[in-house]
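Inside the fold
Spelled out from the first residue to the last, the chains are:
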Amino acid sequence: MKSLLRALLVLCALSLSSCRQSAQPTPTPDPDIQLEWLRDDAPLHVGMDALVFLLKNGRAEPIRGAVIEVRGDMTHAGMVPVNSKAEGGTEDGRYVVPFQWTMGGDWIVTVRATLPDGRIAQRRYEVQVRTP
Ligand SMILES: [Cu+2]
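The structure contained in this document is the topic of the report that follows. Small disclaimer: the values here were computed from a predicted structure and weren't measured.

Attention now goes to the coordination of the copper ion. The copper ion binds to the protein through Met74 (SD), His76 (NE2), Met79 (SD) and Met103 (SD); the donor distances cover 2.1 to 2.4 Å. Taken together, the 4 donor atoms coordinating the copper ion and their angles of 96 to 117° define a geometry best described as tetrahedral. Every donor residue of the copper ion comes from the same chain, spaced as M-x1-H-x2-M-x23-M. On the accessibility criterion, Met79 (26% relative accessible area) is partly exposed.

The next subject is the sheet that holds strand β3 (residues 47-56). Sheet strands pair via backbone hydrogen bonds, and the direction of the pair is either parallel or antiparallel. One open sheet holds the 3 strands; their spatial order is β1-β3-β6, and the pairing between them is antiparallel. Two strands lie at the open edges of the sheet, namely β1 (34-38) and β6 (94-101), each paired on one side alone. Within this sheet the neighbouring strands show an average axis-to-axis angle of 30°, counted without direction. Direction of pairing for β3 relative to β6: antiparallel, over a ladder of 8 bridges. Its bridge partner being in β6, Asp49 is matched across the sheet by Phe99.

Another point: the pattern of salt bridges. Under the definition given, this model contains 7 salt bridges. Between Asp117 and Arg119 there is a salt bridge, with the nearest N and O atoms lying 3.0 Å from each other. With a relative accessible area of 33%, Arg119 lands in the partly exposed category. Notably, a salt bridge pairs Glu126 with Arg124, separated by 3.5 Å at the nearest N-O pair.

How each quantity is defined
- Residues numbered from 1 in each chain as written.
- Predicted model: local features only at pLDDT ≥ 70, side-chain atom pairs only at ≥ 80, totals over all residues.
- Heavy atoms only, no water.
- Donors = N, O, S within 2.8 Å, 3.2 Å for Na, K, Ca; no water.
- Tetrahedral: all angles 85-135°; square planar, octahedral: opposite > 155°, others 65-115°.
- Buried < 20%, exposed > 50% of the residue type's maximum accessible area, 1.4 Å probe, protein only.
- Pairing = 2+ DSSP bridges.
- Helix = DSSP H or I, 4+ residues; strand = E, 2+ residues; numbered from the N terminus.
- Axes fitted to C-alpha atoms, helices over the stretch in contact; angles between N-to-C directions.
- Salt bridge = Lys/Arg side-chain N within 4 Å of Asp/Glu carboxyl O.

Purely geometric numbers; function is a separate question.
What follows is the structure in structure tokens.
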């Protein structure tokens, strides 16, 4: 019985490592893609929000059909990251991502756009969120 357990554990470990190896490498962000968080000077507040991103190509033409993924991490330990995304976009290249600010304080927002052709763009913002 013990040896069976051990064999199972070895199998699990093997499948985990092979899984890690087959994971796709992260593509390098494309400098020709413009990804911008459109926000005014109004402070961010705890609660539900809608983050608007603008996606354009190197000729400043709007890009549709992409996926925009947003990840929010607080700068202190012990927080569950907040993930959200939007797909498709509007004619003028805007993507509205629903996003829940779960706590007031300092956040790092990582935004990644994956285009229909697989190219990606990534940006990082440091923002402060106020407690209402
Ligand atoms: Cu926090």
